[in-house]
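Listed below are the residues making up each chain.
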Amino acid sequence: MKMQIALLSLTTLLSSTAAFSPVSRTPAAPSISEHASRVSPLFMGRAAAVRAATKSKTDAKKAKVNAVFGKKITMAVKQGGSPSLDSNRQLAEIVKQAKANNVPVDNINRAIKRASEANTADFSESTFEAYGFGGASLVITVLSDNANRANADVKSTVNKRNGKIAESGSVLFMYDRKGIVEVDAEVDEEALLDAAIEADIEDFILQEGDEEGSSLVLVEPSDSGKMFDVIKEMGFENAKMSLTWVTKAPVEVSEEDFELNMDIIDALEELDDVDSVEHNMSN
């Protein structure tokens, strides 16, 4: 009887020791497949959504750029009276800008051919001026074959977001028309100055770009082509060229006003007839 009690006590002691052993408290590590089944569906879903959204925005931006230059080429051919780059200086300049903005050559050639056809609609350029929030102003450039539609779309987009369409000239006098060359790298100012002098460019402004490590070169519109050639000759093959409105009176707005203004700008840029939207916000 005493031996049975001793054996029972020993069995109980061993069971208790095993129960409180550190090894028994350590959970088994999940297998790779178990870990993936818990984590990867959510992670992959988010990553895929981000990639899809980014690609969608990039594709939409490319399509918009291609469409805008298609309109500009049509205007240049009809206004210049010739599809020849040699005899139509305006067309040659637009084609140069299109190539600088990575518009495919096939798209350019199709646009020139289509513009030469008699039944192709003509496009006209117009400018709208508007006020946003916190003292911000907007200059909206439109390229359209239907002025009434463009007028209605722009005004509706601004008014729905509590902006205000301004009278002609009330905003534009605070802006200068400039040629702009965008470079995805830092440009040495002294080297650019020497090259600009050789190219007979009298004045330019070199400043930091929106992206870190990038540069913007502002020149008179008549010098934009020459400056673009200068930048390319300096080895910056991915440079882009365009014309823009640059404010002479920048303002800093609150974060709330900034977001409200960007909501107006984003909505305007989604309109097919809108070429560009410039503003005077410094932040």
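Above this note sits the structure.
Below is a summary of the structure that appears in this document. (Residues numbered from 1 in each chain as written. Predicted model: local features only at pLDDT ≥ 70, side-chain atom pairs only at ≥ 80, totals over all residues. Heavy atoms only, no water.)

## Points about the pattern of salt bridges
- Under the counting rule described, the total for this entry stands at ten salt bridges.
- Here K226 ties to D223 by a salt bridge, and the two come within 3.4 Å at their closest N and O atoms.
- The exposure class assigned to D223 is buried, which follows from its relative accessible area of 11%.
- Ionic pairing is found between K232 and E237, a salt bridge with its closest N-O pair at 3.4 Å.
- Each of K71, D145, R149 and D273 takes part in a single network of salt bridges with overlapping partners. (Salt bridge = Lys/Arg side-chain N within 4 Å of Asp/Glu carboxyl O. Buried < 20%, exposed > 50% of the residue type's maximum accessible area, 1.4 Å probe, protein only.)

## Re the sheet that holds strand β5 (residues 204-208)
- Taken in spatial order, the four strands of this open sheet run β5-β6-β4-β7, and their pairing is antiparallel. Each of the sheet's edge strands pairs with one partner strand only, and the pair in question is β5 and β7 (240-247). This sheet shows a mean twist of 30 degrees between the axes of neighbouring strands, independent of strand direction.
- Pairing analysis gives five bridges linking strand β4 (residues 175-183) to strand β6 (residues 215-219), with the strands arranged antiparallel. Residue pairing across strands places V181 opposite V217, the latter belonging to β6.
- Contacts between helix α7 (residues 189-198) and the sheet are confined to β5 and β6, with β5 contributing the most and set at about 155 degrees to the helix.
- Here helix α8 (residues 224-233) sits on the sheet in contact with β4, β5, β6 and β7, set at roughly 20 degrees to β4. (Pairing = 2+ DSSP bridges. Helix = DSSP H or I, 4+ residues; strand = E, 2+ residues; numbered from the N terminus. Axes fitted to C-alpha atoms, helices over the stretch in contact; angles between N-to-C directions. Contact = heavy atoms within 4.5 Å.)

## Let's talk about a negative patch on the surface
- On the surface, D188, E189, E190, D194 and E198 cluster together to form a negatively charged patch.
- Here E198 shows up in helix α7. (Patch = residues over 30% accessible without salt bridge, like charges linked within 9 Å, V, L, I, M, F, W, Y side chains within 5 Å. Areas by Shrake-Rupley, 256 points an atom, 1.4 Å probe, with all protein chains shown as cover. Lys, Arg positive; Asp, Glu negative; His and termini not counted. Charge placed at Lys NZ, Arg CZ, Asp CG, Glu CD.)

## Brief notes about the pairing of strand β2 (residues 137-144)
- Among the eight residues of β2, eight are classified as buried, and the element is accordingly described as predominantly covered.
- Burial of the side chains of β2 extends over both faces: S137, V139, T141 and L143 are buried on one face and L138, I140, V142 and S144 on the other.
- As paired elements, strand β1 (residues 124-131) and β2 share eight bridges and run antiparallel to each other. Note on β2: the bridge partner recorded for S124 is S144.
- Hairpin connection from β1 to β2: five residues lie between these consecutive antiparallel strands, with G134 at a positive phi of about 70 degrees.
- Alignment of β2 against strand β8 (residues 274-279), held across five bridges, turns out to be antiparallel. Paired with L138 across the strands is H279, a residue of β8.

## A short note on α7
- You can read the cap of α7 off the contacts: a side-chain oxygen lies 3.3 Å from the backbone nitrogen of E190, and it is on D188.
- Where α7 ends, the next residue or the one after it, D200, has phi of about 65 degrees, a positive value. (Polar contact = N/O pair within 3.5 Å; in protein donor to acceptor, adjacent residues only side chain to side chain.)

## With respect to the sheet that holds β8
- Sheet architecture is open: four strands sit in the order β3-β1-β2-β8, paired in antiparallel fashion. If you trace the sheet from one side to the other, it starts and ends with β3 (164-165) and β8, each paired once.
- The sheet contacts of helix α6 (residues 147-160) involve β1, β2, β3 and β8, and relative to β2 the element is tilted by about 150 degrees.
- Contacting β2 and β8, helix α9 (residues 255-269) crosses the sheet at an angle of about 165 degrees to β8.

## So, empty space enclosed by the protein
- Counted according to the given criterion, the structure contains one cavity of 30 Å³ or more.
- Taken as a whole, the largest cavity encloses approximately 30 Å³ of empty space.
- As for the largest cavity, its lining consists of K178, D203, F204, I205, L218, V219 and E220.
- Every element with two or more residues in the lining of the largest cavity is listed here: β5 and β6.
- In terms of residue class, the lining of the largest cavity is built from four nonpolar, no polar and three charged. (1 Å grid on protein atoms, 1.4 Å probe; cavity = no way out; pocket = protein on both sides within 12 Å on 5 of 7 lines; lining within 4 Å. Points joined across faces, edges and corners; volume = space filled by probe spheres on them. Nonpolar A, V, L, I, M, F, W, Y, C, P; charged D, E, K, R; others polar.)

## Observations regarding α6
- Between its terminal C-alpha atoms α6 stretches 20 Å, which fits the 20 Å expected from 14 residues at 1.5 Å a residue.
- Residues of α6 that are buried make contact with β1, β2, β3, α9 and β8.
- Positive phi shows up at N162, right after α6, with a value of about 65 degrees. (Expected span 1.5 Å × (residues − 1).)

## Description of the side chain of T244
- Along the chain, T244 falls in strand β7.
- Residue T244 is classed as buried on the basis of its relative accessible area of 8%.
- Side-chain polar atoms of T244 contact the side chain of E278, separated by 3.0 Å.
- For T244, the contacting residues outside a window of four places in its chain are D176, R177, K178, I180 and E278.

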